[in-house]
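# Architecture and fold: a report
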Amino acid sequence: MNEYYFNENSATAYKISPISTSYVYGKDKNKPTAILIHTNVKITNFKKEKIRRILSQAYPIDGYDAETAKNNFYANVLAKVLMDAKKITEEEYEAIKEKVERP
């Protein structure tokens, strides 16, 4: 399920797709070497600018399991993108989107 955020200071809305986990394999195809955590982010502001980005981070398999890698991704990668944004409902996000996309 998507998550929605709004930063009042920059008047920016964020739509974060569910975070996905993949395993990266090296030369030995039987053993993963890293965990790749990734998500899609859509950013919309009141200047009618839209940005879509894929955020990803690889974590070494010997230092992380899937859950700790996801938690680290939330705490470090997404936290930098969202900064002071507060979590909002999908209905609030759609209302903001409607206001921004109106001609």
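Scroll up to find the structure.
Our subject in this report is the structure included herewith. (Residues numbered from 1 in each chain as written. Predicted model: local features only at pLDDT ≥ 70, side-chain atom pairs only at ≥ 80, totals over all residues. Heavy atoms only, no water.)

With that out of the way, let us pick up helix α1 (residues 66-82). A turn of α-helix holds 3.6 residues, and therefore any two residues three or four places apart point the same way. Here α1 is 17 residues long and its end C-alpha atoms lie 22 Å apart, about the 24 Å a rise of 1.5 Å per residue gives. Residue F73 marks the point of greatest curvature in α1, where the axis turns by about 30 degrees. Those residues of α1 lying buried are A69, F73, V77, L78 and L82. Buried positions along α1 lie against β1 (3-7), β2 (12-16), β4 (32-45) and β5 (50-60). Here α1 starts with a cap whose side-chain oxygen sits 3.2 Å from the backbone nitrogen of E67, and that cap is D65. One or two positions beyond α1, positive phi appears at M83, with a value near 40 degrees. (Helix = DSSP H or I, 4+ residues; strand = E, 2+ residues; numbered from the N terminus. Expected span 1.5 Å × (residues − 1). Bend = angle between axes of the 7 residues up to and from the residue. Buried < 20%, exposed > 50% of the residue type's maximum accessible area, 1.4 Å probe, protein only. Contact = heavy atoms within 4.5 Å. Polar contact = N/O pair within 3.5 Å; in protein donor to acceptor, adjacent residues only side chain to side chain.)

In this structure, Y14, I16, I37, V41, F73 and L78 are the most contacted members of the largest nonpolar core, which totals 16 residues. Elements represented by at least two residues in this core include exactly β2, β4, β5 and α1. Discounting residues that sit within four places of it in the chain, Y14 has contacts with E3, Y4, Y5, N7, V41, K42, I43, V81, L82, A85 and Y93. Grouped together as the second largest cluster of nonpolar side chains are seven residues, A13, I88, I96 and V100 included. (Core = buried A, V, L, I, M, F, W, Y, C linked by side-chain atoms within 4.5 Å.)

Bringing the pairing of β5 into the picture now. Inspection of the sheet shows β4 paired to β5 by 11 bridges, in the antiparallel sense. By the bridge assignment, I35 is partnered in β5 with Y59. Between the end of β4 and the start of β5, which pair antiparallel, lie four residues, with K48 showing a positive phi angle near 65 degrees. (Pairing = 2+ DSSP bridges.)

Attention now goes to the side chain of E3. As for its position among the elements, E3 is in strand β1. At 2.7 Å, the side chain of E3 forms a polar contact with the side chain of Y5. Other than its neighbours up to four places away in sequence, E3 contacts Y14, K15, I16, Y74 and K87.

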